[in-house]
Amino acid sequence: MRHRHLPTVALALGVVVLLDVLRVWLPSIITIFGQAAETPAELLGAFALGWFVLALAAPVLVRRLGARPARLAAAGLLAATRLALTAAPGGRVQLWLACAGLLAGLVWLAATAATVDRPAPGLAFGLAGAAVGHALLGTEDLVWRGGVLGWAVSVLLTGAFLAAQSAAEPAAGLPGRGAAGRIAWLLVGPVLLLAGQLALAPALWDAAASYWHGSADLPGLGLPPAHLAAVPELAIGLFLVAVLIRLPRPVARLLWPAALVAGAGLFAADRAGWLPAAVLLAAAGLGGCLALVDTVTDRGKALAHRRSGKALVRATVAGTATASGSVAGEGAGVLTGPDDAARSGEPAEPHTGGGDGGRRRGFAVVGGMLGFAVGAVAYYAAYDLGYPNGWVPVLAALAVAAAAVAAPPGAARRFRTPVPAWTVLGAMLLTAVGGGIHRPAPAPHPPATPPATVRVVAYNIRMGFGLDGRLDLDALARAVDGSRPDVVLLSEVDRGWLLNGGHDTLALLAGRLRMPYVFAPAADPVWGDAVLSRFPVRAGETRPLAAHGAPTGAQALGVTLDLGGRDLAVVATHLQPPPGQDPVAQAREVAAFATRYAAGRPLVLGGDLNTEPADPAFAEFTRAGLVDALTAARPLRTSPADDPRTQIDHVLVSPGLTASGATAPRTTASDHLPVVVTLALP
């Protein structure tokens, strides 16, 4: 590898490590500091934003210490916290480790920006590498896995990151003498937000594919793809093609920004059926916009024009020859390092602190990351505070698109055809391998004869995070599988929220239980409720519930199970009451939907109803003719899991179904306990 490529590799590896830490820090803010919505949303947001505000001092620190010492020290702390998080026991230790890692990552970005004025190549390849790696892992981070393999890969990753930081002596070219470098660094935050929330989120790829392969009998519902889905491969392929292939600039300035804004707009519309198109458009648009902002600085370009014709031709030929081997897409005829600057007669900037230009780039990247935090908090706080949030990804896309349109022309870059082709095809192949490794369970066949009993579990899984704040899908699967269920009704199912780390919790849990799923969106296309079943699903529908003053979206999911010649209607829901109120109106809606959907067939209704047996909302179900299947086991308290005091998780059935063996097994795999009951069919 040529020495001048090391800054790109070092930045790409750093992006991967920083994303690993972010995928722990974000859910830790919610589950540990936020205490499952017990902490006021305003206080939670202030705590989260405070770390990014504190990082605004990083460029000053870098200036005083020097860019290289600050970068190496911050990289060492970032790598150490990344490894410590795998060993952390959860709780407050995890929270503070993640905060320390985040702050170290922000200082590392500021120090890197002080001596590198072209972040686009490293950022693009870092995002692509992180996405492909997350797809290979089935969206479950190495941080949460541990074990020999998890530790080995984590050590290799952090070791490669530190080695690249030590070996790289970033070439600043002519930094700080134009706005192009600062604009590119300022966009790091919005680009990370769009990538993690939409364009390069493997969990969202899976969710989009599940809608793509839906059924006419289950409209608007997510189902496990019957074969390898094309959405993940297309998304990573389109992103890399847009990064690597240089279209004529007038075409690129129109096509890529328009695609990015259109994708963000489709995502903001909260229509599940539009999610595949939103993902693919955003992936292509984000890659193309990154390519457009990868330009030389204004004065660097002017100096290149002032050079003698002979020197310019010589530099162009040399640059073209080396560009074919560059993973960063280095430009031909562009001043790229101290040696080039020396040959031009211009002084190269020292690498101690990056000068005023380096400090400005440092403030730009930290300010951009503050924008990332503001956007993430603003988007997800809406589900607690109740305001529209679709403008957040659209504004981020507009900011990136505007910078791409306004960016000055960069130098021409040429690749040998095999370089981008093999890069794209290799990433697509690895993404497909990830899909093959983590294939969903096949659709079951109906039993030869109808079973006499059906075992039902209703469980609020809190996005897969236990009381200690760690993502532990194995513990969650043990809590469910220990009851040997036939049907599982899940609440608080997350299929790719950036706030929760970007995991497809449903697919991960369904794979462990070897049960196919039906998913219904509630708050948005990747948050809702699900039914897992050992019996085939013949039909289904979802009905959004009116908010009635509750900020978070809610729905009722009805599915029809084939028990081998007999049908069983199952309704899963998660009622969302307004603060301090009982969800009476939503309970009435769900009861009416369930009885209509069952149409006289045996019916099971369950989930986190956020109401107790003596409350008015619960009476709406009994008034509709449903029977409390857990009556014999009352009191059966289910929340909070470590000290159950309330009975808010329920299973209700139609008359004729006989309940027995109701329990609430003790576990801390979520903040709720599951409820389990055996139902004898009439």
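Residues numbered from 1 in each chain as written. Predicted model: local features only at pLDDT ≥ 70, side-chain atom pairs only at ≥ 80, totals over all residues. Heavy atoms only, no water.

A. Here's a closer look at the overall build of the protein chain. Regarding its fold elements, the protein chain presents 24 helices and twelve strands. A separation of at least 24 residues holds for 79% of the contacts in the protein chain among residues at least 6 apart in sequence. As displayed, the protein chain has an accessible area near 24,300 Å², and 63% of this comes from carbon and sulfur atoms. (Helix = DSSP H or I, 4+ residues; strand = E, 2+ residues; numbered from the N terminus. Contact = heavy atoms within 4.5 Å. Areas by Shrake-Rupley, 256 points an atom, 1.4 Å probe, with all protein chains shown as cover.)

B. Here's a closer look at the nonpolar core. Ranked by size, the top nonpolar core spans 161 residues in total, and within it W25, F239, L490 and L532 carry the most contacts. Top contributing element to this core by residue count: helix α1 (residues 6-33), with 19 residues. If we skip the residues at most four places from it in the chain, F239 touches A124, A128, L200, A283, A284, L286, G287 and L290. Core analysis: the second largest hydrophobic core is formed by 34 residues, F535, A629, V677 and L679 among them. (Core = buried A, V, L, I, M, F, W, Y, C linked by side-chain atoms within 4.5 Å. Buried < 20%, exposed > 50% of the residue type's maximum accessible area, 1.4 Å probe, protein only.)

C. Structural detail: the packing of helix α3 (residues 58-65) against helix α5 (residues 91-113). Their axes nearest at 9 Å, the elements α3 and α5 cross at an angle of 60 degrees. One finds that α3 runs oblique with respect to α5. In the crossing of α3 with α5, the sense of the turn from one axis to the other is right-handed. Together, A58, P59, L61 and V62 of α3 and V107, A110 and A111 of α5 make up the contact between the two elements. Among the residues forming the contact of α3 with α5, the class breakdown is seven nonpolar, no polar and no charged. (Axes fitted to C-alpha atoms, helices over the stretch in contact; angles between N-to-C directions. Parallel < 35°, antiparallel > 145°, perpendicular 65-115°, else oblique. Left-handed = near helix turned anticlockwise from the far one by under 90°. Nonpolar A, V, L, I, M, F, W, Y, C, P; charged D, E, K, R; others polar.)

D. Molecular detail of the sheet that holds strand β7 (residues 567-574). With mixed pairing, the six strands of this open sheet are ordered in space as β5-β6-β7-β8-β10-β9. Of all strands in the sheet, those with a lone pairing partner are β5 (537-545) and β9 (627-628), marking the two edges. For β9 and strand β10 (residues 649-653), the ladder comprises two bridges, and the chain directions are antiparallel. Bridged to D628 within β10 is L652. (Pairing = 2+ DSSP bridges.)

E. Representation of the pattern of salt bridges. Scanning the model with the defined rule gives 18 salt bridges in all. Its salt-bridge partner being D504, residue R495 comes within 3.0 Å of it at the nearest N-O pair. Taken as a pair, R495 and D504 share a single burial class, namely buried. Residues R645 and D643 are paired through a salt bridge, measuring 3.1 Å at the closest nitrogen-oxygen approach. Judged by its relative accessible area of 40%, D643 falls in the partly exposed class. Bridged by salt links that share partners, the residues D20, R23, R82 and D141 form one connected network. (Salt bridge = Lys/Arg side-chain N within 4 Å of Asp/Glu carboxyl O.)

F. Representation of a nonpolar patch on the surface. Among the surface-exposed residues, V241, I245, L247, V251 and L255 lie close enough to one another that they form a single nonpolar patch of about 350 Å² accessible area. Residue placement: L255 occurs in helix α13 (residues 249-268). (Patch = residues over 30% accessible without salt bridge, like charges linked within 9 Å, V, L, I, M, F, W, Y side chains within 5 Å.)

G. Spatial organisation of the sheet that holds strand β11 (residues 658-663). The strand order across the open sheet built from six strands is β3-β4-β2-β1-β12-β11, with neighbouring strands paired in mixed fashion. Two strands close off the open sheet at either side, each with one partner strand: β3 (517-524) and β11. Neighbour-to-neighbour, the strand axes of this sheet turn through a mean angle of 20 degrees, independent of strand direction. Sheet analysis places strand β1 (residues 453-460) next to strand β12 (residues 675-680), joined by six bridges and oriented antiparallel. For V457, the partnering residue across the bridge sits in β12 and is V676.

H. Structural detail: the confidence of the model for the protein chain. Considering every residue of the protein chain, the mean pLDDT works out to 87; 87% of them sit at 70 or more. The model gives residues 411-417 a pLDDT under 50, and that stretch makes 20 contacts with residues more than four places away or in other chains. (pLDDT = per-residue confidence, 0-100.)

I. Expanded view of helix α2 (residues 41-54). In this model, α2 (14 residues) spans 20 Å end to end at C-alpha, consistent with the 20 Å of a helix rising 1.5 Å per residue. Those residues of α2 that sit buried are L44, G45, F47, A48, W51 and F52. (Expected span 1.5 Å × (residues − 1).)

J. Inspection of the environment of R439 at higher detail. Within the element layout of this structure, R439 appears in the loop between α20 (418-437) and β1. The spatial distance from the C-alpha of R439 to the C-alpha of A226 is 9.2 Å, given a sequence separation of 213 residues.

K. Structural detail: the packing of aromatic side chains. The full count for this structure, using the stated rule, is 15 aromatic pairs. Members of the aromatic cluster, each reached through a chain of ring pairs, are F267, Y379, Y380, Y383, W497 and W527. Its end group placed over the ring of F519, R495 keeps NZ or CZ at 5.4 Å from the ring centre. Over the aromatic face of Y597 sits the side chain of R601, whose NZ or CZ is 5.4 Å from the ring centroid. (Phe/Tyr/Trp six-rings, centres within 6.5 Å; stacked < 30°, edge-to-face > 60°. Lys NZ or Arg CZ within 6 Å of the ring centre and 35° of its normal.)

L. Quick peek at helix α19 (residues 391-406). Taking 1.5 Å per residue as the helical rise, α19 with its 16 residues ought to reach 22 Å, and the 22 Å between its terminal C-alpha atoms agrees with that figure. Turning to α19, its buried residues are V392, P393, A396, A397, V400, A401, A403 and A404. Within α19, the buried residues cover an arc of 160 degrees as seen down the axis, which keeps them to one side. (Arc of directions from axis to C-beta.)

M. Fine view of the side chain of E492. Of note, E492 is situated in strand β2 (residues 487-494). At 3.3 Å, the side chain of E492 and the side chain of N460 are in polar contact. Non-local contacts of E492, meaning those with residues more than four positions away in its chain, are made with N460, I461, R462, M463, W527, G528, D529 and H574. (Polar contact = N/O pair within 3.5 Å; in protein donor to acceptor, adjacent residues only side chain to side chain.)

N. View of the pairing of β2. Among the eight residues in β2, eight count as buried, and that is most of the element. Two elements, β1 and β2, share five bridges in a ladder whose sense is parallel. Residue pairing for β2: Y459 is matched across the bridge by L490. As a crossover connection, the stretch from β1 through helix α21 (residues 473-481) into β2 is right-handed. Alignment of β2 against strand β4 (residues 527-533), held across six bridges, turns out to be antiparallel. (Right-handed = clockwise from strand over helix to strand, strands pointing away.)

O. Examining the side chain of Q586 more closely. Mapping Q586 onto the fold places it in helix α23 (residues 584-598). Polar contacts involving the side chain of Q586 include one to the main-chain amide nitrogen of Q576, which spans 2.8 Å. Once you skip the residues sitting within four places of it in the chain, Q586 turns out to touch L545, A546, A547, H548, A554, L575 and Q576.

P. Structural context of the environment of T449. With respect to the secondary-structure elements, T449 resides in the loop between α20 and β1. With a relative accessible area of 55%, T449 lands in the exposed category. Along the sequence, T449 and R566 sit 117 residues apart, while their C-alpha atoms lie 9.0 Å from each other. Ignoring sequence-local partners within four residues, the contact set of T449 consists of L563 and G564.

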